[in-house]
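One-letter residues, chain by chain:
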Amino acid sequence: MTSETSISTSGVSAVTNPPTSPDPVVTEIVRNGVIAITEEMKSNLMRTAYNMIIYEALDFTVGLFTEKGETISIGLGLPMFIRGMAETIKAKLEHYGSENIRPGDILLTNDAYITGSHLNHLTFSMPIYEDDELIGFACCMAHWPDIGGTLDGITTDIYSEGLQIPIVKYQREGVVNEEIVDIIRTNVRLPDRAMGDLRAQLTAIATGERRYLELVKRYGRKQVADAISDIMDQSERAARARTLSIPDGVYEAESYMDDDGVSISNRIPIRVKVIVEGDEMTVDLSDVAEQVRGFYNSGITTGHACSQVAFKCITSPTDYPINDGSFRNLKAIVPPGRVISAVKPAPMRWWMTFPMTIVDTVFKALTPAIPERTIAGHHADLVIGLLNGINPKNNEFYIAFIGPTGGGWGAKHNEDGVSATVCINDGDTHNSPAEQLEAKYPFLIENYALREDSGGAGEYRGGLGCENTVQARADFMLNAQVERMHCKPWGLNGGREAMGNSVVLRAGGQWKEDYPNAKLLTARINAGDAFAVRSGGGGGFGDPKRRPAEIVADDVRQGYVSVDSAKSDYGVVCDVKGNLDKVATKKLRTP
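Thresholds, definitions, all that
Position numbers for residues start from 1 in each chain and track the written sequence from start to end. Only residues with pLDDT of at least 70 get local features here, since the model is predicted, and only at 80 or more are side-chain atom pairs given and counted; chain-wide, interface and lining totals rely on the full set of residues. Values reported for side chains reflect all heavy atoms of the structure, with hydrogen atoms and water molecules removed beforehand. Secondary structure elements follow DSSP: runs of H or I of four or more residues count as helices, runs of E of two or more count as strands, with numbering from the N terminus. We compute the radius of gyration from the C-alpha atoms alone; for a globule the expected value is 2.2 Å times N to the 0.38, where N is the number of residues. Throughout this description, buried means an accessible area under 20% of the type-specific maximum (1.4 Å probe, protein chains only), exposed means over 50%, and partly exposed covers the range between. A contact between two residues is defined here by any heavy atoms of the two lying within 4.5 Å. Using a 1.4 Å probe, the Shrake-Rupley method yields the accessible areas, and only the shown protein chains count as cover for residues. How sure the predictor is of each residue is captured by pLDDT, a score from 0 to 100. Every helix has an expected span of 1.5 Å times one less than the residues it contains. Every axis in this analysis is a line fitted to C-alpha atoms, fitted for helices over the stretch in contact. Angles between the N-to-C directions lie between 0 and 180 degrees. For classification purposes, angles smaller than 35 degrees are called roughly parallel, those larger than 145 roughly antiparallel, those between 65 and 115 roughly perpendicular, and all remaining angles oblique. Strands qualify as paired when DSSP identifies two bridges or more between them.

Peer 1: Would you explain the overall build of the chain in this entry?
Peer 2: Helices and strands together make up the secondary structure of the chain, namely 13 helices and 20 strands. Rg of the C-alpha trace for the chain: 24 Å, near the compact-globule value of 25 Å for 591 residues, within the 12% margin. Dimensions along the principal axes, computed over C-alpha positions, put the chain at roughly 80 × 60 × 40 Å. Looking at the chain as a whole, 60% of its 591 residues are labelled buried. A sequence separation of at least 24 residues applies to 73% of the contacts in the chain between residues at least 6 apart. Total accessible area on the chain stands at roughly 22,400 Å², and carbon and sulfur atoms take up 50% of it.

Peer 1: Which parts of the structure should I look at to understand unusual backbone geometry?
Peer 2: Most peptide bonds take the trans form, and the phi angle of most residues other than glycine is negative. In this structure, P321 follows Y320 across a cis peptide bond, with omega equal to 0 degrees. Cis geometry marks the peptide bond from G403 to P404; its omega dihedral reads -5 degrees. Tracing the backbone through its elements, the reader meets P404 in the loop between β13 (396–402) and α10 (434–440). Phi is positive for V383, close to 50 degrees, though the residue is something other than glycine. Considering the arrangement of structural elements, one finds V383 in the loop between α9 (353–366) and β12 (385–391). Phi at R484 takes a positive value of approximately 60 degrees, unusual for a residue other than glycine. Looking at where R484 falls in the secondary structure, it is placed in the loop between β16 (476–481) and β17 (502–507).

Peer 1: In this structure, what is going on with the confidence of the model for the chain? I would like to understand it.
Peer 2: Any region with low pLDDT has predicted coordinates that should not be read closely. Overall, the predicted model of the chain reaches an average pLDDT of 94, with 96% of residues at or above 70. Here residues 1–19 is modelled with pLDDT under 50, and outside its nearest four sequence neighbours on either side it reaches 43 contacts, counting other chains as well.

Peer 1: Explain helix α1 (residues 24–48) here, please?
Peer 2: The periodicity of an α-helix, 3.6 residues per turn, causes residues three or four positions apart to be oriented the same way. Taking 1.5 Å of rise per residue, 25 residues should cover 36 Å, and α1 covers 36 Å from first to last C-alpha, within 8% of that figure. Along α1, the residues that are buried comprise V26, T27, V30, R31, G33, V34, I37, T38, M41, K42, N44 and L45. Looking at the buried positions of α1, the neighbouring elements they touch are α2 (52–55), β1 (60–65), β2 (71–74), β5 (133–143), α6 (191–219) and α7 (221–244).

Peer 1: Help me out: how do you make sense of the packing of α1 against α7 in this one?
Peer 2: When two helices pack together, their arrangement is given by the angle between their axes and by how far apart the axes lie. Between α1 and α7, the shortest axis-to-axis distance is 9 Å and the interhelical angle comes to 80 degrees. By the criterion of interaxial angle, the relationship of α1 to α7 is roughly perpendicular. Residue-level contacts link V26, T27, E28, V30 and R31 of α1 to Q223, V224, A227, I228, D230, I231 and Q234 of α7.

Peer 1: I would appreciate a short explanation of the environment of T318 in the present structure.
Peer 2: In this structure, T318 sits in the loop between α8 (300–315) and β11 (330–333). A relative accessible area of 67% means that T318 is categorised as exposed.

Peer 1: How do you make sense of the sheet that holds β5 when you look at a structure like this?
Peer 2: Picture the strands of a sheet paired through backbone hydrogen bonds; they go either parallel or antiparallel. On the basis of which strands lie adjacent, the open sheet formed by 7 strands has the order β2-β1-β5-β4-β3-β6-β7 and antiparallel pairing. What marks the edges here is a single partner per strand, and that holds for β2 and β7 (175–176). In the sheet, strand β3 (residues 106–109) pairs with strand β4 (residues 121–130) via 3 bridges, with the strands oriented antiparallel. If you follow L108 over to β4, its bridge partner there is F124.

Peer 1: For this particular structure, what's the right way to read the sheet that holds strand β10 (residues 280–284)?
Peer 2: Judged by pairing direction, the sheet is mixed, and its 4 strands sit side by side in the order β8-β9-β10-β11 without closing on themselves. Each having just a single partner strand, β8 (249–257) and β11 make up the two edges of the open sheet. Each strand of the sheet is rotated relative to its neighbour by a mean of 15 degrees, with strand direction disregarded. Relative to β10, strand β9 (residues 268–277) runs antiparallel, the two sharing 5 bridges. Of the residues in β10, the one forming a bridge with I275 is T282. Against the sheet, α8 engages β10 and β11, with an angle of about 145 degrees to β11.

If you want it as structure tokens, here you go:
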């Protein structure tokens with residue numbers, strides 16, 4: 001992998017007219033076929049997994065790849081995995097050489113510096129053969145709640161974060177390496193559940209292999225390969241045409257992260273530069289902060305994913321399947337040693353937080369050029385509480401999580417931001433149902449509600465964040481690693497910023513809220529006490545005084561906006577029931 005150039009997705013620079021065109025009917029059948037395959041892989045993983053973070057939160061991604069590791073289709077899920085699996089397959093190919101990979105092999109790693117994420121993501125890849133010829137890979141990356149390592153607090157190197165598995169053959173020509181299984185089982189705190197998730201991942205990739213071979217056998221290897229090539233070319237043409245509609249120029253923006261959890265209140269700068277030249281775009285992340293001491297780093301693969309997620313949203317958000325053709329005209333400059341291209345032994349456990357603010361900042365940079373296609377800042381954090389303790393029901397150790405807590409997304413030029421929606425890193429992930437959490441673990445969900453006034457004011461209002469209050473029914477440990485308390489989601493074109501994320505504790509009936517950040521690590525919550533995670537809102541878009549008074553009054557009626565905010569931010573006078581005082585409003589809004 002090169003350090004400062006875009007990750008190769010195809011080796012092809014521009015679309016050329018092939019000597020013969022693939023059958024367009026077969027192309028569309030294959031297009032929908034590979035999407036259906038990856039969706040079935042997802043379904044089978046969810047149905048067989050043991051841990052809620054997979055079968056409820058959907059913290060995983062599955063995909064199909066060419067024999068060179070190019071993305072054919074990935075199951076809709078976590079956007080930041082857009083490069084992780086492809087680069088992991090390429091690394092496995094480089095490690096073994098295609099000549100040393102055989103039918104029946106299953107390749108495994110959780111190397112954080114290859115996947116770009118953390119050790120909790122185990123990636124299984126199965127080569128797909130037809131008549132002893134390698135024609136592709138089925139792959140599954142999924143989150144395990146525990147992979148060993150330090151349980152509480154913040155880590156400062158990768159060695160304290162758990163078991164590191166280099167690129168290995170979990171299975172060799174159909175025979176499982178039981179020694180690898182024993183090593184994994186010995187190093188995790190919940191081995192039975194871990195082995196259940198392992199088997200679920202194997203089920204997912206076996207599904208991908210079986211269905212892809214059925215597709216190939218039905219339509220022919222060459223016809224399917226030609227169709228996939230044509231799909232990638234179509235994706236490239238769409239991305240180039242959309243990029244061409246952006247005015248040429250150099251666009252820059254900056255933001256920051258609160259701190260790295262070690263050097264409290266020391267802001268971490270995020271600076272991005274976007275260069276548009278014709279139908280090509282370059283995202284330069286050279287000025288993003290260097291890797292940090294705390295566990296908020298991610299690998300270079302994620303650095304490239306930041307660029308690709310932003311680029312995909314702007315150029316071809318509804319072009320499916322997600323494939324490498326969409327990124328042929330994108331170059332990402334990601335020098336090593338940055339917080340999104342960290343090198344060993346940088347800690348990576350909370351890898352997902354900083355990248356989504358980088359994506360937000362790319363949108364911010366492009367707003368002067370394409371305000372109709374960008375979005376104000378969003379809450380940009382999972383807003384999760386990680387819990388562990390002894391369950392008095394069975395006297396067994398447990399690990400659980402609260403969240404991901406949906407928050408507010410930024411408003412657009414013509415639309416309010418959405419509320420209570422998971423951040424961009426996690427896309428299609430879900431929060432865990434309160435009923436399941438209360439049935440399985442010793443805590444009570446006291447409330448889960450929208451936060452009044454959390455959305456940034458604007459002609460189009462930002463979405464609202466949520467508050468989730470959890471009462472302990474037995475003692476447990478809380479670790480909350482939440483960001484963006486101080487760097488609040490920004491507004492655009494005159495829109496106001498939103499509330500930030502926060503975490504607060506209640507002990508002896510008294511709330512404590514005056515924390516320097518939203519990172520509460522190794523906090524003991526005693527039975528009867530509680531904590532609350534509060535997700536931020538989304539920034540507003542446009543001058544709040546231009547928002548129709550009737551809509552503001554309805555926001556007040558719904559509990560989205562307070563009477564005070566309606567008056568001070570929007571210049572609207574109404575009561576708590578939303579009854580509008582038109583005379584007072586006109587007077588207040590008149591310059």
